[in-house]
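# Summary of the model geometry
Next come the chains, spelled out residue by residue.
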2 protein chains.
Amino acid sequence: MMQRHTTIRDVARLAGVSVGTVSRVLNGHRSVTPETMRKVMSVMEAHAYQPNAVAQSMRTRNTRMVGFIISDISNTLFSSIVKAAEGVLQEAGYTLVLANTGEGTVREVELIHLLQQRRMDGLIMTVFQEGNTAVQEAIQNLRLPVVLLDRELPIPVDAVYADHASGMFQATKHLLELGHRRIALITESRLNRPGRERIRGFEQAFQSLGLTPDPDFICSRSLSAEYGFRESYSLLTGSHRPTAIIAGGNQILVGLLKAVRLCSVRIPEDLSVISCDDTDLTALATPPVTVVQRSVRDMGRQAAALLIQGLEEGPGGEPRRILLPTELLLRQSCAPPCEEASRE
Amino acid sequence: MMQRHTTIRDVARLAGVSVGTVSRVLNGHRSVTPETMRKVMSVMEAHAYQPNAVAQSMRTRNTRMVGFIISDISNTLFSSIVKAAEGVLQEAGYTLVLANTGEGTVREVELIHLLQQRRMDGLIMTVFQEGNTAVQEAIQNLRLPVVLLDRELPIPVDAVYADHASGMFQATKHLLELGHRRIALITESRLNRPGRERIRGFEQAFQSLGLTPDPDFICSRSLSAEYGFRESYSLLTGSHRPTAIIAGGNQILVGLLKAVRLCSVRIPEDLSVISCDDTDLTALATPPVTVVQRSVRDMGRQAAALLIQGLEEGPGGEPRRILLPTELLLRQSCAPPCEEASRE
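All of these numbers come straight from a predicted model, not from anything done at the bench.

## Re the overall build of chain A
Within chain A, the regular secondary structure consists of 14 helices and 12 strands. In chain A, which comprises 344 residues, the share counted as buried stands at 56%. Sequence separation of 24 or more characterises 69% of the internal contacts of chain A that already satisfy a separation of 6 or more. On chain A, roughly 15400 Å² of surface is accessible, and the fraction owed to carbon and sulfur atoms is 49%.

## As for helix α5 (residues 76–91) of chain A
An α-helix turns once every 3.6 residues. As a result, residues three or four positions apart point the same way. All names here are of chain A. Spanning 16 residues, α5 covers 23 Å between terminal C-alpha atoms, matching the ideal 22 Å at 1.5 Å per step. Buried residues dominate α5, accounting for 12 of its 16 residues. Those residues of α5 lying buried are Leu77, Phe78, Ser79, Ser80, Ile81, Val82, Ala84, Ala85, Glu86, Val88, Leu89 and Gln90. Sitting at the amino-terminal end of α5 is asparagine 75, which places a side-chain oxygen 2.9 Å from the backbone nitrogen of leucine 77. Remark: glycine 93 follows α5 within two positions and exhibits a positive phi of approximately 85°.

## A look at the sheet that holds strand β8 (residues 244–247) of chain B
All names here are of chain B. Ordered by their spatial adjacency, six strands build an open sheet running β7-β6-β8-β9-β10-β12, and the pairing between neighbours is mixed. Edge positions in the open sheet fall to β7 (218–220) and β12 (327–329), since each of these has one partner strand only. The sheet shows a mean angle of 15° between the axes of neighbouring strands, direction not considered. Two elements, strand β6 (residues 183–187) and β8, share four bridges in a ladder whose sense is parallel. Looking at β8, one finds that leucine 185 is bridged to isoleucine 246. This element, helix α10 (residues 225–237), spans β6, β7 and β8 of the sheet and lies at about 160° to β6.

## Some remarks on the sheet that holds strand β12 (residues 327–329) of chain A
Residues and elements named next belong to chain A. Taken in spatial order, the six strands of this open sheet run β7-β6-β8-β9-β10-β12, and their pairing is mixed. Two strands close off the open sheet at either side, each with one partner strand: β7 (218–220) and β12. Averaged over neighbouring strand pairs, the angle between their axes works out to 15° when direction is ignored. When strand β6 (residues 183–187) meets β7, the two strands line up parallel, connected through three bridges. In the sheet register, isoleucine 186 faces β7, and the bridge partner there is cysteine 219. Together, β6, β7, β8 (244–247) and β9 (272–276) form the strand contacts of helix α9 (residues 193–208), whose direction differs from that of β6 by roughly 170°.

## Things to note about the packing of helix α8 (residues 164–177) of chain A against α9 of chain A
Residue and element names in this part refer to chain A. Taken N-terminus to C-terminus, the directions of α8 and α9 make an angle of 40°; their axes are 7 Å apart at the nearest point. With respect to α9, the element α8 is oriented oblique. You can see that α8 and α9 cross each other, and the crossing is right-handed. Facing His164, Ala165, Met168, Phe169, Thr172, Lys173 and Leu176 of α8, the residues of α9 in contact are Arg193, Pro194, Glu197, Arg198, Arg200, Gly201, Phe202, Gln204, Ala205, Phe206 and Ser208.

## Comments concerning the pattern of salt bridges
Applying the stated criterion across every chain yields a total of 24 salt bridges over all chains. The shortest N-O distance in the salt bridge between arginine 320 of chain A and glutamate 313 of chain A comes to 2.9 Å. A relative accessible area of 23% means that arginine 320 of chain A is categorised as partly exposed. Looking at glutamate 313 of chain A, the relative accessible area reads 52%, which means it is exposed. Note that arginine 193 of chain B is salt-bridged to glutamate 197 of chain B, the shortest N-O span being 3.8 Å.

## Regarding α9 of chain A
All names here are of chain A. Under the 1.5 Å per step criterion, the end-to-end length of α9 is 22 Å for 16 residues, consistent within 8% with the ideal 22 Å. For α9, every residue scored as buried is listed here: Arg193, Pro194, Gly195, Glu197, Arg198, Ile199, Gly201, Phe202, Ala205 and Phe206. Glycine 210, located one to two residues past α9, shows a positive phi value of around 70°.

Definitions and limits used
Residues numbered from 1 in each chain as written. Chains lettered and ligands numbered in written order. Predicted model: local features only at pLDDT ≥ 70, side-chain atom pairs only at ≥ 80, totals over all residues. Heavy atoms only, no water. Helix = DSSP H or I, 4+ residues; strand = E, 2+ residues; numbered from the N terminus. Buried < 20%, exposed > 50% of the residue type's maximum accessible area, 1.4 Å probe, protein only. Contact = heavy atoms within 4.5 Å. Areas by Shrake-Rupley, 256 points an atom, 1.4 Å probe, with all protein chains shown as cover. Expected span 1.5 Å × (residues − 1). Polar contact = N/O pair within 3.5 Å; in protein donor to acceptor, adjacent residues only side chain to side chain. Pairing = 2+ DSSP bridges. Axes fitted to C-alpha atoms, helices over the stretch in contact; angles between N-to-C directions. Parallel < 35°, antiparallel > 145°, perpendicular 65-115°, else oblique. Left-handed = near helix turned anticlockwise from the far one by under 90°. Salt bridge = Lys/Arg side-chain N within 4 Å of Asp/Glu carboxyl O.

In structure tokens, the structure reads:
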């Protein structure tokens, strides 16, 4: 029952134009008159003509495919960014090709090469560790438009950042004003921009009141729920306990809340809690959790828009950097420290 | 600073073989001796040769790209399935191309055509509404291996299902044995397999005790949090109130918990709650929520494995169907109905 596919030659014959004209219609060439365009399009529709995109991309040298490299698609934060970016790309006629690195730097370089072989027109990506020079080199060697998500590399590349420092400053200030001094921060490594910026905002809030945070209370090694649990448990069962903990990531909060439950600690009576990024869990936990919020939708949309701009303008311009705001969303997980705890 | 790329001709010249031999190495042809293979490979590595995958796929007629069409990548359930599938596909040398339909059937047909144009080797997908004949036709016309996720279509196509009926039977039986009779179920439409199967399991549990569920307590129109909220709020504020509600989806639970909070209803004292699919929220809610569990990781892995099998064996075989188990995970969100409520 194999039916012969309609070819570009059939379309040209039926529309009474040359194959070159059909090709120009397909590639959106400006020299085609609207009348010819309509005629060719109606023949294509009537005969369900499917242009061979692979052959087409050989001619136009672009595939209208954009690669998206991400470290954990199952994190709702990342998948919301992907979803928003994909919406914008699709409107502009691009298809999104997704690749998941997992947590590791080796696969990153491999995947960059793979997507290069697949002739992506551009890439949106995060990077597992900013300091990895192999990844930096791989990105530069691509000679394609690339947009980084929340990473700062010493190479000329477009990027979208969240203003983590400002949100963390507000969060820490809020706790300090409630009377907390023993405030712990659990976040990812200083080696990546979000960790670095969160710690900067945290320290600046202390400094704004002439205070210095306890360095033992800054835990910055990973974004995972396991790390969040381990550090929280160790802080809550130690001799020198914090009266407030800030989770610098939605998975860290998952670990923190598990430790809180295990230690039978009451929020906010025994411990004030602030998290980063609003999720179903922060909104529906008991009590609901105060968060440093940002629009992940904006992050995805802006990254896609930057990439499309790069694709249209070609390489060579100054790198573009977009900084998106964060804000503190107050809920019921913070209270003044109880007397006993603050005397300890 | 544009450097000339190493071409296939350069590799052939440097390795002292013909261009055809290099091409056979690239395509993994068996006629190449191991010695020639090693020689060609080492030249490729030394000169950082990047085969042009687009040109290559023109010759081999496959792109080693697999499309994945999904309705909401930001739902942690779907993104976990994607992540698991992607892991298996990557190991087998396939790249995953992701496309997000949003909730709507028009984009589905469009996206199937788009991925066909992009010459995917196969597709993994869910379908927004099983009854949509345009989507069924589009899938059949693909003449490519396709694996459906949790959808039953009257066309010969591979599929991976979860055994929703069995898990829902156990959940409903558990509530009935606690003494509940006024049990409500909020789930997606009967027009799709998961909704149909959940309702079947729900009704069978009642029947197993010689009972019939109240048809007013079966709400089956959508999987969204908004729908979950609206139906829960209407049930909890109505004159004929349920003593237990089962949320047939993780987003429905989000809406249900919002309604529970708004109505100041206590779980499990005033209302027993069971949800479907285990998430951070079900584990960390107060109290933790009893769930009908399944392995979304297995669903993704099995779908990828089925597709790879289809790609290797080619079309024409009997459709393969895999049924994955569900089980009831007991937590603290269920209790016997309080006397007052059960007398109402």
